[in-house]
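Chain by chain, the residues:
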Amino acid sequence: PEATFLAEEDGMQQELGDGYCFIIDPIDGTTNFIFDYKHSCISVGLTKFGRMLFGCVYNPYTREMYSAVKGEGAKLNGKEIHCSDKGLADNLVAFGTARYQTEDTIFDHAKKLYLNSLGIRAGGSAALDICRVASGANGVYLELMLYPWDYAAASLIVMEAGGFISTAEGGMIT
């Protein structure tokens, strides 16, 4: 009961603090949801002392449930998953953009990734696209502007699947 909440919705943005904090995105991929483009999800993460302990991302359209508990690996519908061990040239790359992100930089990066991979995809849900990296379906996900509720749960899932998540500058995200 002493847990705090950090969520995209108004009134749910408290500090992480030292105790438990749930990081929630009730609809990641809101524009997809509005237009019935079936690539959106519910994302819930749990931290303690600012460190991810649990992550769960659910796509209700495909009934895919990605989950991870710190130190116990990552799963998709209860089956263990792992990131791809192929190089960039043999993988798909997913990238994200948002209408409020007006810099052209993301498209410069996307072009470079496109020219060095099997192809690029823009799914519209950061959490799902990061989880697709965790399952090996995508090799890379790139987005330059995300909020904690966009990636928190998926970050643990991808790390527990053998991948990593970082800032554009290479800094760690925990």
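Residues numbered from 1 in each chain as written. Predicted model: local features only at pLDDT ≥ 70, side-chain atom pairs only at ≥ 80, totals over all residues. Heavy atoms only, no water.

Caption draft 1: Representation of the sheet that holds strand β3 (residues 41-48) in the model. Strand order in the open sheet made by the seven strands is β1-β2-β3-β4-β5-β6-β7, with mixed pairing throughout. Sheet topology places β1 (4-7) and β7 (79-81) at the edges, where each strand pairs with a single neighbour. The mean inter-strand angle of the sheet, taken between neighbouring strand axes irrespective of direction, is 20°. In the packing of helix α3 (residues 126-134) onto the sheet, contacts are made with β2 (20-28), β3, β4 (51-59), β5 (64-69) and β7, and the angle to β4 comes to roughly 100°. (Pairing = 2+ DSSP bridges. Helix = DSSP H or I, 4+ residues; strand = E, 2+ residues; numbered from the N terminus. Axes fitted to C-alpha atoms, helices over the stretch in contact; angles between N-to-C directions. Contact = heavy atoms within 4.5 Å.)

Caption draft 2: Geometry of the packing of aromatic side chains. This structure, assessed with the given rule, holds three aromatic pairs. When the ring of F5 is compared with that of F22, the centres are 5.5 Å apart and the planes differ by 20°; the resulting orientation is stacked. Residue F5 is located in strand β1, and its partner F22 is located in strand β2; the two are separated by 17 residues in the primary sequence. Take F5: its relative accessible area is 31%, and that puts it in the partly exposed class. Measuring from ring centre to ring centre gives 6.2 Å for F95 and F107, while their planes differ by 85°; the resulting arrangement is edge-to-face. With a gap of twelve residues between them, F95 in strand β8 (residues 92-95) and F107 in helix α2 (residues 105-115) connect regions that are remote in the sequence. (Phe/Tyr/Trp six-rings, centres within 6.5 Å; stacked < 30°, edge-to-face > 60°. Buried < 20%, exposed > 50% of the residue type's maximum accessible area, 1.4 Å probe, protein only.)

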